[in-house]
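Here is what each chain is made of, one letter per residue.
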Amino acid sequence: MKQQRALTRSALTMMSVLLLAGCGTSGPADVSGLRGIVGTELAGARGATQADQRKIDRTVVGLCAAFVWTRAECAKHGEGGDD
């Protein structure tokens, strides 16, 4: 009986230790992969000119290609435009 209690106690202790070890904090992740998908074209674009609209379109294409948005959401981007 004493062995079973000791085993149970050690198992509960180990579960607690492992749970707490897994819930640590880490620093910010590297966003270079996301920058590669989305690009940096959108910075400074207002949508007021055709060049700005092209920058916005390139960003949307990257997001759609990475499946960040659904197909329906990506299709809405071209609705009613000059695309």
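Below or above, wherever it landed, is the structure these notes cover. All values derive from a computational prediction rather than experimental measurement. (Residues numbered from 1 in each chain as written. Predicted model: local features only at pLDDT ≥ 70, side-chain atom pairs only at ≥ 80, totals over all residues. Heavy atoms only, no water.)

1. Some words on the overall build of the chain
In terms of regular secondary structure, the chain is built from 4 helices and 0 strands. Listing the helices and strands of the chain from first to last along the sequence gives α-α-α-α. Total accessible area on the chain stands at roughly 7,200 Å², and carbon and sulfur atoms take up 59% of it. (Helix = DSSP H or I, 4+ residues; strand = E, 2+ residues; numbered from the N terminus. Areas by Shrake-Rupley, 256 points an atom, 1.4 Å probe, with all protein chains shown as cover.)

2. Quick notes on the state of the cysteines
Scanning the model with the defined rule gives 1 disulfide in all. Here Cys64 pairs with Cys74 through a disulfide, and the sulfurs are 1.9 Å apart. Across the S-S bond linking Cys64 and Cys74, the dihedral sits near -115°, which makes this disulfide left-handed. In this pair, Cys64 is assigned in helix α3 (residues 50-65) and Cys74 in helix α4 (residues 71-78), connecting sequence segments 10 residues apart. Like Cys64, the residue Cys74 is buried in the burial classification. (Disulfide = S-S within 2.5 Å. Buried < 20%, exposed > 50% of the residue type's maximum accessible area, 1.4 Å probe, protein only.)

3. Observations concerning the side chain of Asp52
The topology assignment puts Asp52 in helix α3. Look at Asp52: it is buried, it has no salt bridge, and the nearest opposite charge is Lys55 at 4.3 Å. If sequence neighbours within four positions are ignored, Asp52 has contacts with Ala45, Arg46 and Gly47. (Lys, Arg positive; Asp, Glu negative; His and termini not counted. Salt bridge = Lys/Arg side-chain N within 4 Å of Asp/Glu carboxyl O. Contact = heavy atoms within 4.5 Å.)

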